[in-house]
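Examining the three-dimensional arrangement
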Amino acid sequence: ACSPGPGRALAAAAAALVSISGYEHGKQLLCSAFSEGMLGHVHLDLVELFRAAATDEKAHSRRAALSFFEACLRVLRTALGFDQHFVDEHFPCELLLLLECDESVMVRKALISSSTLLLQLCPSSQVFALWRRLVLPLALDVEKSVAERALQELEAVIVVPLLRLGPASAELPPVLTDLAYDDLEYLRR
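This write-up is about the structure you can find in this document. (Residues numbered from 1 in each chain as written. Predicted model: local features only at pLDDT ≥ 70, side-chain atom pairs only at ≥ 80, totals over all residues. Heavy atoms only, no water.)

Some thoughts on the overall build of the protein chain
Note the following rule: In DSSP terms, a helix is any run of H or I states spanning at least four residues, a strand is any run of E spanning at least two, and both are numbered starting from the N terminus. Remark: exposure states derive from per-residue accessible area (1.4 Å probe, protein chains only) relative to the maximum for the residue type, with buried under 20%, exposed over 50%, and partly exposed in between. In what follows, residue pairs with any heavy atoms lying within 4.5 Å of each other are defined as contacts. What sets the accessible areas is the Shrake-Rupley method with a 1.4 Å probe; for residues, cover comes only from the shown protein chains.
Within the protein chain one finds nine helices and two strands. With 189 residues in all, the protein chain has 42% of them scored as buried. For the protein chain, contacts bridging at least 24 residues in sequence account for 63% of all contacts bridging at least 6. Carbon and sulfur atoms form 57% of the exposed surface of the protein chain, whose accessible area is close to 10,400 Å².

Laid out in structure tokens, this is it:
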């Protein structure tokens, strides 16, 4: 019999995490698992699970890695209420950089969504810089659907907040703080 592959296994793990986090006892188990790196007698290494799938040769596995990242992020921040430092310590967001130049359109589009979810759930100067590094270049992607997806997020994260603030406001959306020269070049285009 064929093995389901890392992509399907990771998708199942993501679904299980979300499902378990819906129950009080499940939340207790997950808190313990994330804090101690153990689920019962089984070592739980989320980072290695993500890394293995994110570096897999199959695009579906790399896409599943991003779905897993999103599920972990939602569970850690929303269901379990862990703070952003805990999330970064236990699931380094820099791992998304493994996929920044992925050859798969599906993976690049998913990376935009994952980066934006990270921005929404864990806003910090480090995440703002990571989001800009991942999303801004994709607004110029050769694949039209990737560029359109990136532009949608740019509009939601930058343009809409600017319009809400109005021309008289001196405030900028937080993602625009500490812009690097390269960031300005992408925004100018």
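Picking up after the structure, the text goes on.
Structural notes on helix 6 (residues 105-121)
Threshold: For a helix, the expected span equals 1.5 Å multiplied by the residue count minus one. We define a polar contact as two N or O atoms separated by no more than 3.5 Å, with the added condition that, inside protein, one atom must be a possible hydrogen donor and the other a possible acceptor, whereas residues neighbouring each other in sequence contribute only through side-chain atom pairs.
Relative to the 24 Å expected for 17 residues at 1.5 Å per residue, helix 6 spans 25 Å between its end C-alpha atoms, a close match to the ideal helical length. Helix 6 sits mainly inside the fold: 12 of its 17 residues count as buried. For helix 6, every residue scored as buried is listed here: Val-107, Arg-108, Ala-110, Leu-111, Ile-112, Ser-114, Ser-115, Thr-116, Leu-117, Leu-118, Leu-119 and Leu-121. Buried positions along helix 6 lie against helix 4 (59-79), helix 7 (125-135) and helix 8 (144-165). Capping the start of helix 6 is the job of one residue whose side-chain oxygen sits 3.3 Å from the backbone nitrogen of Met-106: Ser-104.

So, the packing of helix 4 against helix 6
Selection criterion: Only C-alpha atoms enter the line fits that serve as axes; for helices the fit covers just the stretch in contact. Angles between N-to-C directions range over 0 to 180 degrees. Any angle between 65 and 115 degrees counts as roughly perpendicular, while under 35 counts as roughly parallel, over 145 as roughly antiparallel, and the rest as oblique. Classes in brief: Ala, Val, Leu, Ile, Met, Phe, Trp, Tyr, Cys and Pro nonpolar; Asp, Glu, Lys and Arg charged; the others, Gly included, polar.
It is the contact of helix 4 with helix 6, at a shortest axis distance of 9 Å, that shows an interaxial angle of 10°. On the basis of the axis angle, helix 4 is roughly parallel to helix 6. Of the residues in helix 6, those in contact with Ala-59, His-60, Arg-62, Arg-63, Leu-66, Phe-69, Glu-70, Leu-73, Arg-74, Arg-77 and Thr-78 of helix 4 are Met-106, Val-107, Ala-110, Leu-111, Ser-113, Ser-114, Leu-117, Leu-118 and Leu-121. Partitioning the contact of helix 4 with helix 6 into residue classes produces 11 nonpolar, four polar and five charged.

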